[in-house]
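Now for the letters of each chain:
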Amino acid sequence: MQKSLDIFKAEPQSVFDVICKRKNTGFYMPAYQRPYSWDERNVSDLFFDCKNVFDNLIDSSDAIIFLGSILSVDDSSALTVYPLAKRDKPEDIKLIIDGQQRLSTLMLIILCLNERLRILLPNLKKIINSEKNEEIKDVLDELRQIVAQLEIDTSDSVIVTTADHEVYKYLPKIIRSQVDCWGRSEKNAKYTSPISELLYSYQRHIVEQRDSAVFKPLDLSSMNISAKRVINNVKEIRKQLDCVQNGFQFKSPDGEIDERINIKDLVDVETLDICLDLPIDADLAKAAESYPKVAEIIYIALFTKFLLHRVCLTYVEVNNESYAFDMFEALNTTGEPLTAIETFV
């Protein structure tokens, strides 16, 4: 008798598990999926929820955000992929039936976090080189290693292949049917949809900035006019990351400004060690007091860890597209509207 687990698998996974850990997975948006539609309000709401749950995490190790589900079908044989350059496709392809809005938005946030980490890391290296106190220097170097690893972890918005081309060797993790094509050469690659265009453009930007001492933000003005919604969301994410960098000082939906989190108040908070693997000790707090840029880097590192490991989804994989549609209908016809964001504290 066939078991239900042979038909579908469902498990809670962190953002890191879904996006970053799946290094060779491409997410494929079928033509019947509506275009990307989340706007700046959706983005700001997500950040505000993250701030609230981060505050709760300081007191409770159980605090997480549940961001709904991702419903997919394995299509590693690329039977539904069109157009297709067969030799250029990713090893692992997931056809996304439901959850493209949250998946795409999370990919945008990860990309912007990578950009911010690349901008900040050289500043930290300069501070380390100028510091005379060996104990403080050692603490800052530990922070540098954490930030460098986070830069690696957030680089997974593309799939690295063995192709020789310095740009086309990278495949965007998200593409859309009929308008995009994974390709390891200029001849085969086609990234027209807004999300895939941004992922490709950012990777090209990284390559172009490789020999620069200072990493510059991606210039969004070169993107196609059809990507306006994605461009606006990236601008909003950058704005929200400015709030994070300023001590998680967000503006609430009713217009009130949150109280700034001080690094000294995070010293020896056990949950930051247990849940985020980023403990703040007295020496690091002292360095943050001496160097405001260090405090900014700590805030961004904490948020990056939080997003990757405390924002969770239910990842559902079905072995048959028709079963997937049945499950989609069941998930969305329960008599109650689905909640976009749920928090657990």
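Conventions we followed
- Residues numbered from 1 in each chain as written.
- Predicted model: local features only at pLDDT ≥ 70, side-chain atom pairs only at ≥ 80, totals over all residues.
- Heavy atoms only, no water.
- Salt bridge = Lys/Arg side-chain N within 4 Å of Asp/Glu carboxyl O.
- Helix = DSSP H or I, 4+ residues; strand = E, 2+ residues; numbered from the N terminus.
- Buried < 20%, exposed > 50% of the residue type's maximum accessible area, 1.4 Å probe, protein only.
- Contact = heavy atoms within 4.5 Å.
- 1 Å grid on protein atoms, 1.4 Å probe; cavity = no way out; pocket = protein on both sides within 12 Å on 5 of 7 lines; lining within 4 Å.
- Points joined across faces, edges and corners; volume = space filled by probe spheres on them.
- Expected span 1.5 Å × (residues − 1).
- Arc of directions from axis to C-beta.

A. Region of interest: the pattern of salt bridges. All told, the structure shown has 12 salt bridges when counted by the stated rule. The shortest N-O distance in the salt bridge between Asp55 and Lys51 comes to 2.6 Å. On the criterion of helical spacing, the pair formed by Asp55 and Lys51 is a turn pair, its members being 4 residues apart in helix H2 (residues 40-57). Relative accessible area serves as the criterion here: at 5%, Lys51 is assigned to the buried category.

B. Focus on the environment of Val230. Position of Val230 among the secondary structure elements: in helix H6 (residues 228-245). Sequence separation between Val230 and Glu115 is 115 residues; the distance between their C-alpha atoms is 16 Å. Those residues in contact with Val230 that sit more than four places away from it in its chain are Tyr36, Leu108, Pro194, Ile195 and Leu198.

C. Spatial organisation of the layout of surface pockets. Here the second largest pocket is characterised by a volume of approximately 250 Å³. Taken together, 13 residues make up the lining of the second largest pocket; nearest its centre are Ser44, Glu236, Gln240, Lys251 and Ser252. At the level of elements, H2 and H6 are the ones that each hand at least two residues to the lining of the second largest pocket.

D. Summary view of helix H4 (residues 134-153). If you check H4, its first and last C-alpha atoms are 29 Å apart, about what 20 residues at 1.5 Å a residue would give, namely 28 Å. When we look at burial in H4, the residues that qualify are Ile136, Val139, Leu140, Leu143, Val147, Leu150, Glu151 and Asp153. Each buried residue of H4 sits inside an arc of 160 degrees when the element is viewed along its axis, so together they form one side. In H4, the exposed positions angled more than 90 degrees off the buried face are occupied by Glu134 and Glu142.

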